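Okay, here's what each chain looks like letter by letter:
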Amino acid sequence: MPWTKPQSAEVRRQTGTIAWILLVLASMILIGYGITRANWHIWLPAPAEQEEVWIGNRYIFAGCALSLAAAAWSHLRENTVWVSICVGLPGVLVGWGTLEDPYSLLRHLAAVVAFPLALAGVVEVIRVRGRRQRGL
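Here is what the cut-offs are and how they apply
- Residues numbered from 1 in each chain as written.
- Predicted model: local features only at pLDDT ≥ 70, side-chain atom pairs only at ≥ 80, totals over all residues.
- Heavy atoms only, no water.
- Helix = DSSP H or I, 4+ residues; strand = E, 2+ residues; numbered from the N terminus.
- Buried < 20%, exposed > 50% of the residue type's maximum accessible area, 1.4 Å probe, protein only.
- Contact = heavy atoms within 4.5 Å.
- Lys, Arg positive; Asp, Glu negative; His and termini not counted.
- Charge placed at Lys NZ, Arg CZ, Asp CG, Glu CD.
- Core = buried A, V, L, I, M, F, W, Y, C linked by side-chain atoms within 4.5 Å.
- Salt bridge = Lys/Arg side-chain N within 4 Å of Asp/Glu carboxyl O.
- Expected span 1.5 Å × (residues − 1).
- Axes fitted to C-alpha atoms, helices over the stretch in contact; angles between N-to-C directions.
- Parallel < 35°, antiparallel > 145°, perpendicular 65-115°, else oblique.
- Left-handed = near helix turned anticlockwise from the far one by under 90°.
- Nonpolar A, V, L, I, M, F, W, Y, C, P; charged D, E, K, R; others polar.

Trainee: So what's going on with the overall build of the chain? Residues and values would help.
Mentor: On a plain count of helices and strands, the chain comes out with four helices and zero strands. With the C-alpha coordinates of the chain rotated into their principal frame, the extents come out at 65 × 45 × 20 Å. Of all 136 residues assigned to the chain, the portion counted as buried reaches 40%. For the chain, the share of sequence-separated contacts (at least 6 apart) that also reach a separation of at least 24 residues comes to 77%. The centroid of the 12 positive side-chain charges in the chain is displaced by 18 Å from the centroid of its 8 negative side-chain charges.

Rendered as structure tokens:
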């Protein structure tokens, strides 16, 4: 049996940071794909297009769940409060827009507002190199 060195706390922290960043990006990719697939309609679409909207909505809701999980994990990782809030915004805003009216442009506008804020949270975590930065 080969001898292995135990991982240091810093290596575990960096691995957790990378996994957290990938979770945030995966949520944004799922939401973006769902929005693209669902599209938007002024009037109620034909039945075949309604099926595409519902398939797209499933991707959106899966991405929203990942976004909220990333926000909770961010809080557990003791990131700053604004990072946790910004990472959870796509899940809350886009999910709300999709539930409000699954055929409108509202979820597109919510994504335009929430995605840059989520990316700002990721950039802040990268900037501080994953160190714990508790506070506002």
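Trainee: Let's hear about the nonpolar core: which residues, and what values?
Mentor: Counting residues in each nonpolar core, the largest one holds 19 residues, and the members touching the most others are Trp20, Val24, Ile31, Ile35, Ala70, Val87 and Val94. For this core, the secondary structure elements donating two or more residues are α1 (9–38), α2 (47–76), α3 (81–100) and α4 (106–127). The element best represented in this core is α1, accounting for seven residues.

Trainee: Tell me about the pattern of salt bridges, and please be specific about residues and values.
Mentor: Tallied over the full model, the rule gives two salt bridges. A salt bridge links arginine 37 to glutamate 52, with the nearest nitrogen and oxygen atoms 2.9 Å apart. Taken together, the residues span a long stretch of sequence, with arginine 37 in helix α1 and glutamate 52 in helix α2 at a distance of 15 residues. Residue classification places arginine 37 among the partly exposed positions, given a relative accessible area of 27%. With a shortest N-O distance of 2.9 Å, glutamate 124 and arginine 127 are connected by a salt bridge. Of this pair, glutamate 124 and arginine 127 both sit in helix α4, three residues apart, which is roughly one turn of that helix. Residue class for arginine 127 comes out exposed when judged on its relative accessible area of 55%.

Trainee: So what about unusual backbone geometry? Which residues, and what values?
Mentor: One non-glycine residue, glutamate 78, lies in the positive phi region at around 65°. In this fold, glutamate 78 is placed in the loop between α2 and α3. Residue class for glutamate 78 comes out partly exposed when judged on its relative accessible area of 32%.

Trainee: For α2, give the residues involved together with the corresponding values.
Mentor: Along its 30 residues, α2 runs 44 Å from first to last C-alpha, staying within 8% of the 44 Å computed at 1.5 Å per residue. Buried within α2 we find Val53, Gly56, Asn57, Ile60, Gly63, Cys64, Ser67, Ala70, Ala71 and Ser74. Positioned one or two residues after α2, glutamate 78 has a phi angle of 65°, which is positive.

Trainee: Can you explain the packing of α1 against α4? Please cite residues and give values.
Mentor: The relative placement of two packed helices comes down to the angle between their axes together with the axis-to-axis distance. One can describe the packing of α1 onto α4 by two numbers: an axis separation of 11 Å at closest approach and a directional angle of 165°. In terms of orientation, α1 and α4 fall into the roughly antiparallel class. Regarding α1 and α4, the two cross each other, and that crossing is left-handed. On the side of α1, the interface is formed by Thr17, Trp20, Ile21, Val24, Leu25, Met28, Ile31, Gly32, Ile35 and Ala38, while α4 contributes Arg107, His108, Ala111, Phe115, Ala118, Leu119, Gly121, Val122, Val125 and Ile126. Partitioning the contact of α1 with α4 into residue classes produces 15 nonpolar, four polar and one charged.

Trainee: Tell me about the environment of valine 125, residues and numbers included.
Mentor: Examined against the element boundaries, valine 125 turns out to sit in helix α4. Take valine 125: its relative accessible area is 2%, and that puts it in the buried class. Placed 45 residues apart in sequence, valine 125 and threonine 80 show a C-alpha to C-alpha distance of 9.0 Å.

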